[in-house]
Amino acid sequence: MANESMRQNWTDGAAWWVANEAVFDAVFAPVTAAILAAARPEAGQRVLDVGCGSGTLLEAGARAGASVAGVDISEGMAAAARRRVPEAGVIVADAQTADLLAALPGDPFDLVVSRFGVMFFEDPEAAFANLRSATAPGARLVFACWRTAAENPMFGMGSSVLSARLDPPPGPEEPGAPGPTAFADRDRLAAILEGAGWAPRIEAFDFTVDYGYNGTDGVEERLTSVESGGVGRTARAQLLPRIGPDGWDALLDEVRAELRRHLVDGVLRFPGAVWLVDATNPR
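Residues numbered from 1 in each chain as written. Predicted model: local features only at pLDDT ≥ 70, side-chain atom pairs only at ≥ 80, totals over all residues. Heavy atoms only, no water.

Q: I'm lost on the overall build of the protein in this one. Help?
A: When its secondary structure is counted, the protein shows eleven helices and seven strands. Computed over the C-alpha atoms, the radius of gyration of the protein is 19 Å, within 12% of the 19 Å expected from 2.2 N^0.38 for a compact globule of 283 residues. Overall, the C-alpha framework of the protein stretches about 55 × 40 × 40 Å when taken along its three principal axes. Burial status across the protein gives 52% buried among its 283 residues. In the protein, the proportion of contacts linking residues at least 24 apart, taken out of those at least 6 apart, comes to 77%. Carbon and sulfur atoms provide 53% of the accessible area of the protein, an area that totals close to 11900 Å². One finds the centroid of the 24 positive side-chain charges in the protein at a distance of 2 Å from the centroid of its 38 negative side-chain charges. (Helix = DSSP H or I, 4+ residues; strand = E, 2+ residues; numbered from the N terminus. Rg over C-alpha atoms; globule rule 2.2 N^0.38 Å. Buried < 20%, exposed > 50% of the residue type's maximum accessible area, 1.4 Å probe, protein only. Contact = heavy atoms within 4.5 Å. Areas by Shrake-Rupley, 256 points an atom, 1.4 Å probe, with all protein chains shown as cover. Lys, Arg positive; Asp, Glu negative; His and termini not counted. Charge placed at Lys NZ, Arg CZ, Asp CG, Glu CD.)

Q: Before we go on, may I ask you to explain helix H4 (residues 56–63) in this structure?
A: An α-helix turns once per 3.6 residues; consequently, residues spaced three or four apart project the same way. In terms of burial, H4 is a largely internal element, six of the eight residues being buried. Where H4 terminates, the next one or two residues include Gly65, which has phi positive at roughly 95 degrees.

Q: Whenever I open this one, the pairing of strand E4 (residues 109–115) confuses me. Can you help?
A: Residues in a regular strand project their side chains so that they alternate between the two faces of the sheet. Among the seven residues in E4, six count as buried, and that is most of the element. With three bridges connecting them, strand E1 (residues 46–50) and E4 associate as parallel partners. From the neighbouring strand, Leu48 faces E4, where its bridge partner is Val112. When E4 meets strand E5 (residues 135–146), the two strands line up parallel, connected through six bridges. By the bridge assignment for E5, Val113 is matched with Val142. (Pairing = 2+ DSSP bridges.)

Q: When you look at the state of the cysteines in this model, what are you seeing that I'm missing?
A: Simply put, disulfide is the name for a covalent bond between the sulfur atoms of two cysteines. Under the criterion given, the structure shown has zero disulfides. Cys52 forms no disulfide, and the closest cysteine sulfur to it belongs to Cys145, at a distance of 18 Å. The buried category is assigned to Cys145, whose relative accessible area is 0%. (Disulfide = S-S within 2.5 Å.)

Q: Got a minute to help me understand the sheet that holds strand E3 (residues 89–92) in this structure?
A: Here seven strands make up an open sheet; going across it, the order is E3-E2-E1-E4-E5-E7-E6 and the pairing mixed. One side of each edge strand has no neighbouring strand; the edge strands of this open sheet are E3 and strand E6 (199–210). For this sheet, the mean angle separating the axes of adjacent strands, direction not counted, is 15 degrees. Against the sheet, helix H3 (residues 29–39) engages E4, E5, E6 and strand E7 (269–280), with an angle of about 160 degrees to E5. Running at roughly 170 degrees to strand E2 (residues 67–72), H4 makes contact with E1, E2, E3 and E4 of the sheet. (Axes fitted to C-alpha atoms, helices over the stretch in contact; angles between N-to-C directions.)

Below, the structure is given as C-alpha cells:
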C-alpha cells in the first residue's frame, strides 16, 4: 500500500473506534443524514463506500436496497463492517492505488460515498481519479470532509490537555497534508476533484456536535473520543509508563475538568463544520 503511515494509524486505532461505534454514529448522525439525503442510494444501484469504517453508510445503503461494497485501509475496521453488514463486499486496500473493480468484481459503481474517509490520501488527485475509473458514466461521488480546525472546536476539545504533556508536543498540521483538515481549503478541494475528472458541487454544511445525545452531560462520551484519537493513543503510550496508572487517571480527570468548562446548558455541545461534496463523473 502506498499510504503506509495512514494504514498504520487506522490499524492502531481500529479497536478503539469499533468499540465505541455507537458514540461516533450518534455524534456524527447529522453528517450521515446529510450524505444520505444528497446521495439517495436506491435499489438497483451499485454503491462503494470509501473509508467505510465500521459500516454506517454501508448499512444505510443496504437498507435502501442497493448493492453495497466498502474499502478501508484497516483490517479492524473492515472486519467490523463485515460483521455489521454481512451482505456487503468489504476489502482492505488503499483506494488511491487499488484496482477496485478487480478486487470487487461487478459492474462499475453508480455511486461512491464517504463520511470522513477521503482526507488521508498521499496523492488525492490520483486517488479521486482512481475512484472515478471504477465508476459508470454519470456516476456520483458524495462525501463529507472537515473544514478548518478553527471552525471545529472538537479537534482540540479535551485532547489539548493530553497534547500539552507530550514531548515534543505535536505541531500544527501542514495545510493540505493528509489528515482530518486536508481539504479545508474549498478552492484546493475543487481543483483536486476537477483535476481527477469529476464535476463537483461543494457546499458548506454546519451541524451541532452533541455528545449529550443519550441524556448525559456528554463528558464521558467525549472522553471516549479523545482516548480513541491519535493524540489520546499517543499520550497513553508515551505517558502511562512514565506516570503510572494513578497518574494517568489523574490526567484523565484533568481532561474531564476541561470538558466540563465547555458545557452549554449542562451539556457538551459545540459547532461542527464540513464540506458536503456532490460530484458527477461526466464521461
